[in-house]
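# Understanding the architecture of this molecule
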Amino acid sequence: QVQLVESGGELAQAGESLLLSCVLSGGTLDTYHMGWFRQAPGKEREYIAVEGRSRVTRYYADSVKGRFAIYRDIGKNTVYLQMSRLRPEDTAVYYCAADEGLSLTIELDEFDYWGQGTQVTVSS
C-alpha cells in the first residue's frame, strides 16, 4: 500500500522560507507523477505544483509561480516543496499526492494517493 507522509510545516513569518518534505513508502517514487496541494479553512483544496515522473516537466499555480519549487530525491523516496518569500495567504494545510496515470495532470481527482497534510502558518 502506497503511503505518503508530509513534514516540515510550521509557523513562519512573511518573507521567510520553508521546505516541506513528503516521503513515499510502499512504492518507488519514479513511478509516480507527484503534486503538492493546499487547503485553507472554508476553501476547496487547490493545486500548487506538480512534477512529472520523469522529473523534466513541472507546472505551478499562478499564486506560487516564482516562489515555490517542486523537486524530488529518488534515493530518499522523497518529494519536496521549497517555499520562498512566504505570504500570509500561503497559510493552509499542505498535501502531497501521487498519480499513477500516464499523463501529468493538475486535476486533483486524478491523483491516487494522498498524505495526511502538514500545517503551514505564515504570519505578517
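The following paragraphs examine the structure supplied in this document. Residue positions are given per chain, counting from 1 as you read along its sequence in written order. Where totals are concerned, whole chains, interfaces and linings use all residues; where local detail is concerned, this predicted model gives features only for residues with pLDDT of at least 70, and gives and counts side-chain atom pairs only at 80 or more. Think of the side-chain values as coming from all heavy atoms in the structure, minus any hydrogens and water.

### Focus: the nonpolar core
Here, nonpolar core means buried Ala, Val, Leu, Ile, Met, Phe, Trp, Tyr and Cys residues that are tied together by side-chain atoms lying within 4.5 Å of each other. Each residue gets one of three labels from its accessible area relative to the maximum for its type: buried under 20%, exposed over 50%, partly exposed in between, using a 1.4 Å probe on protein chains only. Core analysis: the biggest nonpolar cluster contains 34 residues, and Leu24, Met34, Trp36, Phe68, Leu81, Met83 and Tyr94 have the highest contact counts within it. Taken together, the elements giving at least two residues each to this core come down to strand S3 (18-25), strand S4 (33-39), strand S5 (46-51), strand S7 (68-73), strand S8 (78-83), strand S9 (92-99) and strand S11 (118-123). Among the elements that take part in this core, S9 stands out by supplying 5 residues, more than any other. By the criteria applied, helices consist of DSSP H or I runs no shorter than four residues and strands consist of E runs no shorter than two, each listed in order from the N terminus.

### Some thoughts on the pattern of salt bridges
Here a salt bridge means any side-chain nitrogen of Lys or Arg lying within 4 Å of a carboxyl oxygen belonging to Asp or Glu. In total, this model carries 6 salt bridges according to the counting rule given. The partner of Glu51 in a salt bridge is Arg58, and the shortest N-O contact between them spans 2.8 Å. A residue is classified by how much of its surface remains accessible, and Glu51, at 0% relative accessible area, is buried. The class of Arg58 is partly exposed, set by a relative accessible area of 34%. Via salt bridges that share partners, Arg38, Glu46, Arg67 and Asp90 belong to a single interconnected network.

### A word on the packing of aromatic side chains
Each Phe, Tyr or Trp ring (for Trp, its six-membered ring) is paired with any other whose centre lies within 6.5 Å, and the angle between the two planes then decides the class: stacked below 30 degrees, edge-to-face above 60, tilted in between. This structure, assessed with the given rule, holds 5 aromatic pairs. With a centroid separation of 5.0 Å and 75° between ring planes, the pair formed by Phe37 and Phe111 is classed as edge-to-face. Linking Phe37 in strand S4 with Phe111 in the loop between S9 and strand S10 (113-114), this pair joins segments that are 74 residues apart in sequence. Taken individually, Phe37 and Phe111 each receive the classification buried, so the pair is uniform in this respect. Among the aromatic residues, those joined into a ring-pair cluster are Phe37, Phe111 and Trp114. Only Lys NZ and Arg CZ are tested; either one counts as a charge over a ring when it is within 6 Å of the ring centre and within 35 degrees of the ring normal. The cationic tip of Arg45 hangs over the ring face of Tyr95; the distance from NZ or CZ to the ring centre is 3.7 Å.

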